[in-house]
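Per-entry structural report
One-letter residues, chain by chain:
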Amino acid sequence: MARFRLGFVLAIAAALSAGLAASVAAQEAPDRDWYWCQLAERPYGRTVYVSEVFTPPAGAGEVEVETAFEAHVQRRHVREPVAGGLCLGPKASREDAVRDRRDTIDSLRRDGVTVVRTDWRFRGPRER
């Protein structure tokens, strides 16, 4: 019975050690790239739609993400965008992306542009 307990204790210790190592590695890993998107409405881009801040899944291309945002805005908000969706980034941290998005929104509003915040984030190919 003592051998069983010792083996059990060693197995738990090994599992905890592996979990701790994975946790430390995750904390040391660099932050993923962060983006947000915008799209201007006709006429003259006086209304701009902005996405939430997000990190695209690995392998997602820029055009795929921008097309998905444009499709979302057209489905839910507007039929004629001035141009295609434009995603801004990469930013090294979520905080940098949030700050950039907020500064852009503030600047657009100072210029008399109506800003519509959407709840859209790119999640993958099903977005279209």
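Note that the structure is a prediction, hence the values are computed from the model and not measured.

Enumeration over the complete set of coordinates arrives at four aromatic pairs. For the ring pair Phe 69 and Trp 120, a centre distance of 5.0 Å and an interplane angle of 55 degrees mean the geometry is tilted. Pair noted here: Phe 69 is in helix 2 (residues 62–76) and Trp 120 is in the segment after strand 4 (114–117), with a separation of 51 residues, a long-range link. The burial state of Phe 69 is the same as that of Trp 120; both residues are buried. Note on Trp 120 and Phe 122: the rings are 6.2 Å apart at their centroids and 55 degrees apart in plane angle, and the pair reads as tilted.

Quick look at the state of the cysteines now. Enumeration over the complete set of coordinates arrives at one disulfide. Cys 37 shares a disulfide with Cys 87; S-S distance 1.9 Å. Looking down the S-S bond of the Cys 37 and Cys 87 bridge, the torsion is 85 degrees, so its handedness is right-handed. Pair noted here: Cys 37 is in strand 1 (residues 34–41) and Cys 87 is in strand 3 (residues 86–91), with a separation of 50 residues, a long-range link. Both residues of the pair, Cys 37 and Cys 87, count as buried.

A few words on the pattern of salt bridges. Scanning all chains against the criterion turns up three salt bridges. Here Arg 99 ties to Asp 96 by a salt bridge, and the two come within 2.6 Å at their closest N and O atoms. Of this pair, Arg 99 and Asp 96 are both found in helix 3 (residues 94–110), three residues apart, which corresponds to roughly one turn of the helix. The exposure class assigned to Arg 99 is partly exposed, which follows from its relative accessible area of 38%. For Arg 102, the salt bridge is made with Asp 103, and the minimal N-O distance between the two is 3.9 Å. Assessed through its relative accessible area of 42%, Arg 102 is described here as partly exposed. Here Asp 103 falls in the partly exposed class, since its relative accessible area comes to 40%.

Reading the values: the criteria
- Residues numbered from 1 in each chain as written.
- Predicted model: local features only at pLDDT ≥ 70, side-chain atom pairs only at ≥ 80, totals over all residues.
- Heavy atoms only, no water.
- Phe/Tyr/Trp six-rings, centres within 6.5 Å; stacked < 30°, edge-to-face > 60°.
- Helix = DSSP H or I, 4+ residues; strand = E, 2+ residues; numbered from the N terminus.
- Buried < 20%, exposed > 50% of the residue type's maximum accessible area, 1.4 Å probe, protein only.
- Disulfide = S-S within 2.5 Å.
- Salt bridge = Lys/Arg side-chain N within 4 Å of Asp/Glu carboxyl O.

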